[in-house]
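# Inside the fold
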Amino acid sequence: MSEAKLREDICRFGRSLFERGLTPGSSGNISLRLDDGGWLVTPTNASLGFLDPARLARLDAQGQLVAGDAPTKEIPLHTALYETRAAAGAIVHLHSTHAVAVTMLPEIDPKSVLPPMTPYYLMRAGQTALVPYFRPGDPAVADAIKGLAGRYSSVLLANHGPVVAGETLEAAVFATEELEETAKLYLLLRGLNPRYLSPEQVSDLVRTFGLSLQEHGAHDH
């Protein structure tokens, strides 16, 4: 796929996420890995709803800006996830309301934030880890992400928002949306003793779709 088309895709998906209220103001960022090892990244202080394909930051394989506007300050976050998730081709980071809300709840298991509520949550997002709070742009968040050793494609940053890797931009966007919807379901059903997927149902999904889930926390909420 041409770089021009990839630039358009970033803007198209960004606008879709923004228009549906999944990341307000100038929050959130998207990156996409190119065949030459470089990246396309949304600029700092840019709204995902009003991106200009020509102004996206173009970074080389060493993460240095070679064209476009200055990139998001969350570069350490993206770099750490790419380094530990070899299959990652794109990363989406949002400030989506329900996913942020879940990070503040006292009962959350950092190794498995959300229970197995729906098959598509497991199929698209897998399990989700919680990373402690870091100031936005703090390079220390990279060490926290690296500490997960690539076991998770979806991560929640405490009091901040989700960061999700996918093989393609579309996959990363869809997984991020599934994570947000699952967080919303969790909040709607919290305290109501809902019926989650059983261990047998989770195992069936793992076998059928070749999912890679951490054994720990898959169904112990």
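In this report, the structure presented in the accompanying data block is examined. Computed from a predicted model, the values in this text were never measured in an experiment.

## Details of helix 6 (residues 169-189)
The end-to-end C-alpha separation of helix 6 is 30 Å, in line with the 30 Å expected for 21 residues at 1.5 Å each. Every buried residue of helix 6 is listed here: Leu 169, Ala 172, Val 173, Ala 175, Thr 176, Glu 177, Glu 178, Leu 179, Glu 180, Thr 182, Ala 183 and Tyr 186. Directly beyond the C-terminal end of helix 6, a positive phi value near 85° is found at Gly 191.

## Let's talk about the pattern of salt bridges
By the definition in use, this model includes 11 salt bridges. In this structure, Asp 9 and Arg 12 form a salt bridge, with 2.9 Å as the shortest nitrogen-oxygen distance. Of this pair, Asp 9 and Arg 12 both sit in helix 1 (residues 3-19), 3 residues apart, roughly one helical turn. For Asp 9, a relative accessible area of 8% puts it in the buried group. A cluster of three or more residues bridged by salt bridges with shared partners is formed by Glu 3, Arg 7, Asp 36 and Arg 58.

## Some remarks on the sheet that holds strand 4 (residues 65-67)
The sheet built from 8 strands is open, its strands ordered 4-3-2-1-5-8-7-6 with mixed pairing. Every other strand in the sheet has two partners, leaving strand 4 and strand 6 (128-131) as the edge strands with one partner each. On average, each strand axis in the sheet is inclined to that of its neighbour by 25°, with strand direction left out of account. In terms of strand pairing, strand 3 (residues 57-59) meets strand 4 through 2 bridges, oriented antiparallel. Counterpart to Arg 58 in the pairing with strand 4 is Ala 67. Against the sheet, helix 6 touches strand 1 (29-33), strand 5 (90-93), strand 6, strand 7 (154-157) and strand 8 (161-166), its axis set at about 145° to strand 8.

Cut-offs used in this document
Residues numbered from 1 in each chain as written. Predicted model: local features only at pLDDT ≥ 70, side-chain atom pairs only at ≥ 80, totals over all residues. Heavy atoms only, no water. Helix = DSSP H or I, 4+ residues; strand = E, 2+ residues; numbered from the N terminus. Expected span 1.5 Å × (residues − 1). Buried < 20%, exposed > 50% of the residue type's maximum accessible area, 1.4 Å probe, protein only. Salt bridge = Lys/Arg side-chain N within 4 Å of Asp/Glu carboxyl O. Pairing = 2+ DSSP bridges. Axes fitted to C-alpha atoms, helices over the stretch in contact; angles between N-to-C directions. Contact = heavy atoms within 4.5 Å.

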